[in-house]
Amino acid sequence: MSEHGAGSEGRRTALITGITGQDGLYLAELLLAKGYDVHGVIRGQNNPKRDLVETLLPDVTLHAGDLTDMSSLIRALRDSDPDEVYNLGAVSFVAYSWENAAHTADVTAKGALTMLEAVRLHCGDDPRRVRFYQASSSEMFGKVEESPQHERTLLWPRSPYGVSKVFGHHMTINYRESYGMHASSGILFNHESPRRGPEFVTRKISQAVAAIHLGRQDELVLGNLDARRDWGFAGDYVEAMWLMLQQDEPDDYVIATGEAHSVRDFVTAAFGHVGVDDWSGLVRQDPRFLRPAEVDRLVGDASKARAVLGWKPKVGFDELVAMMVDADIAALKAGW
Ligand code: NAP
Ligand code: F7E
């Protein structure tokens with residue numbers, strides 16, 4: 001690991017896009033705890049999550065910007081002058097990406113290129129002045145050709161989101177190879193937490209199970225219960241992002257637990273946590289939640305990250321499910 005960039009006060013600076021998202025919040029907390037000066041890009045004229053960020057992370061400096069607007073990114077870079085840039089901003093909901101494919105491509109694909117180019121221009125004569133992290137995704141593997149998936153597994157994306165992430169991934173590699181930038185790509189498998197957006201299946205389940213447990217909801221309506229995912233805890237995964245940028249050489253890493261569970265397993269674990277063994281009368285399937293093309297099974301091989309970064313997940317599947325259900329019960333009881 002190399003010490004890089006620390007200014008005269010020995011303090012490093014990071015700029016995060018997507019700071020209002022699940023990972024942005026955990027990453028900002030991690031970097032603040034490590035003594036970083038943390039900056040975030042926030043979009044929109046009245047972003048409803050600004051209050052959340054300012055309350056939770058009062059020491060973070062926010063810059064107005066959008067991944068579709070290069071000059072706003074250049075300004076954020078100029079005003080923060082970071083040692084590390086974490087590009088987490090994206091349209092990240094796979095189901096939505098079919099409904100808004102062009103917008104997904106603008107933000108998730110071209111936005112990554114726009115950020116890379118802004119960083120390259122900011123670096124001037126020294127392409128390694130800023131270290132860059134790209135949030136790549138296991139969705140890129142899509143119609144998987146081998147299991148578990150690793151860094152060299154064929155990419156066969158199945159959604160406009162997955163295709164957009166492939167573009168960002170290859171652009172990151174291309175900027176590394178073309179300009180010698182310290183640009184790394186984390187191929188992260190699904191990671192969840194009590195901060196996960198309610199549109200994603202794990203949080204949809206944990207919120208519904210909490211509400212059913214407290215007698216405030218009657219049923220949970222889902223799509224494909226057979227899809228299998230490698231679910232880890234977001235707090236563990238942001239540590240891997242940071243570790244990637246501490247390496248002397250940039251590279252690509254799969255980050256995963258190596259364990260696959262079905263949506264049905266998640267439902268069983270969540271209901272089991274509140275003492276319900278037979279949930280058959282509480283869950284209904286609705287074709288509305290099926291996707292035009294499904295990714296049936298993802299499971300990652302993170303042995304490179306383990307060997308090179310010394311990274312491994314700390315939170316297991318049952319602990320993750322319990323953490324999410326408990327947090328949603330507490331939130332409902334508190335009236336949040
Ligand atoms: P998330 O909660 O959906 O957060 C997405 C972030 O992107 C939000 O802060 C959002 O801001 C921002 N954003 C959206 N459009 C933008 C735009 N035009 N300009 C600038 N920012 C924009 O996602 P997450 O779960 O934290 O994931 C972080 C990153 O990792 C994403 O790139 C995601 O695709 C990728 N990823 C996630 C997982 C996972 O399992 N969580 C796995 C692999 C890869 P607003 O609040 O303003 O909407
Ligand atoms: O779906 C099935 C659905 O939306 C998981 C993003 O963070 O991880 C995430 O993408 C599975 C799919 O996540 C419902 O069909 C069943 O098979 O929670 P999800 P995702 O699509 O895996 C990757 C790694 C990312 O990079 C993405 O940004 O669950 N499923 N019933 C359902 N999914 C949802 N959302 N809602 C349902 O009712």
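These numbers were taken from a predicted model, which means no experiment stands behind them.

What follows deals with the site of ligand 1. Residues in close proximity to ligand 1 total 26 residues, the closest being Thr20, Arg43, Asn47, Ser92 and Tyr161. Thr20 is positioned such that a nitrogen or oxygen atom in its side chain is 2.5 Å from an oxygen atom of ligand 1. Tyr161 has a polar side-chain atom sitting 2.6 Å from an oxygen atom of ligand 1. Within the complex, 90% of the 900 Å² of free accessible area of ligand 1 lies under protein. When contributions to the shell around ligand 1 are tallied by element, the ones reaching two or more residues are α1 (22-33), β5 (131-137) and α6 (160-179). For the shell around ligand 1, the element with the most residues is β5, which contributes 3 residues. Residues belonging to the shell around ligand 1 are distributed by class as follows: 9 nonpolar, 11 polar and 6 charged.

Moving on, we get to the site of ligand 2. Lining the immediate environment of ligand 2, one finds 22 residues, of which Ser92, Ser137, Tyr161, Arg291 and Glu294 sit closest. Gly223 places a polar main-chain atom, nitrogen or oxygen, 2.8 Å from a nitrogen atom of ligand 2. Contacts to ligand 2 include Arg291, whose side-chain N or O atom sits 2.6 Å from an oxygen atom. For ligand 2, whose unbound accessible area comes to 700 Å², protein coverage reaches 95%. Classifying every residue of the shell around ligand 2 gives 9 nonpolar, 6 polar and 7 charged. When residues of the shell around ligand 2 are sorted by domain, at least three fall in each of domain 1 (13-191 + 231-255) and domain 2 (197-229 + 260-298 + 315-333).

Another point: the sheet that holds strand β1 (residues 13-17). Read from one edge to the other, the open sheet built from 7 strands follows the order β3-β2-β1-β4-β5-β6-β11, with strand pairing classed as parallel. Only two strands of the sheet have a single partner each, and these edge strands are β3 (61-64) and β11 (252-255). Neighbour-to-neighbour, the strand axes of the sheet open up by a mean angle of 20 degrees, direction not taken into account. The pairing of β1 with strand β4 (residues 84-87) spans 4 bridges and is parallel. Its bridge partner lying in β4, Thr17 is registered against Asn87.

Counting residues in hydrophobic clusters, the biggest one holds 72 residues, and the most contacted among them are Tyr86 and Ile255. Two domains each donate at least three residues to this core, and these are domain 1 (13-191 + 231-255) and domain 2 (197-229 + 260-298 + 315-333). Setting aside its immediate chain neighbours within four residues, Tyr86 contacts Ala14, Leu15, Ile16, Thr17, Leu27, Leu31, Tyr133, Met241, Trp242, Leu245 and Gln246. Formed by 19 residues, the second largest nonpolar core is a distinct cluster that contains Val41, Leu73, Leu77 and Tyr175.

Turning our attention to the side chain of Ser262. Considering the arrangement of structural elements, one finds Ser262 in strand β12 (residues 261-262). With relative accessibility at 7%, the residue Ser262 sits in the buried group. Leave out the neighbours within four places in its chain, and Ser262 touches Leu225, Asp226, Ala227, Arg228 and Trp231.

With that settled, consider the domain arrangement of the protein chain. Annotation of the protein chain at the domain level lists domain 1 (13-191 + 231-255) and domain 2 (197-229 + 260-298 + 315-333). Taken together, the contacts link 19 residues of domain 1 with 20 residues of domain 2. In total, about 1,800 Å² of surface goes out of reach between domain 1 and domain 2, with carbon and sulfur atoms giving 66% of it. The interface formed by domain 1 and domain 2 includes 1 salt bridge. The closest approach of N and O atoms between Glu139 and Arg229, which form a salt bridge, is 3.8 Å. Counting every contact that joins domain 1 to domain 2 gives 2 residue pairs in polar contact (both at pLDDT 80 or more). With 3 residues, the single largest contributor to the side of domain 1 that touches domain 2 is helix α4 (residues 94-99).

Conventions and cut-offs
Residues numbered from 1 in each chain as written. Chains lettered and ligands numbered in written order. Predicted model: local features only at pLDDT ≥ 70, side-chain atom pairs only at ≥ 80, totals over all residues. Heavy atoms only, no water. Near = heavy atom within 4 Å. Polar contact = N/O pair within 3.5 Å; in protein donor to acceptor, adjacent residues only side chain to side chain. Areas by Shrake-Rupley, 256 points an atom, 1.4 Å probe, with all protein chains shown as cover. Helix = DSSP H or I, 4+ residues; strand = E, 2+ residues; numbered from the N terminus. Nonpolar A, V, L, I, M, F, W, Y, C, P; charged D, E, K, R; others polar. Domains from an automatic or database assignment. Pairing = 2+ DSSP bridges. Axes fitted to C-alpha atoms, helices over the stretch in contact; angles between N-to-C directions. Core = buried A, V, L, I, M, F, W, Y, C linked by side-chain atoms within 4.5 Å. Buried < 20%, exposed > 50% of the residue type's maximum accessible area, 1.4 Å probe, protein only. Contact = heavy atoms within 4.5 Å. Buried area = accessible area lost by both parts, 1.4 Å probe. Salt bridge = Lys/Arg side-chain N within 4 Å of Asp/Glu carboxyl O.

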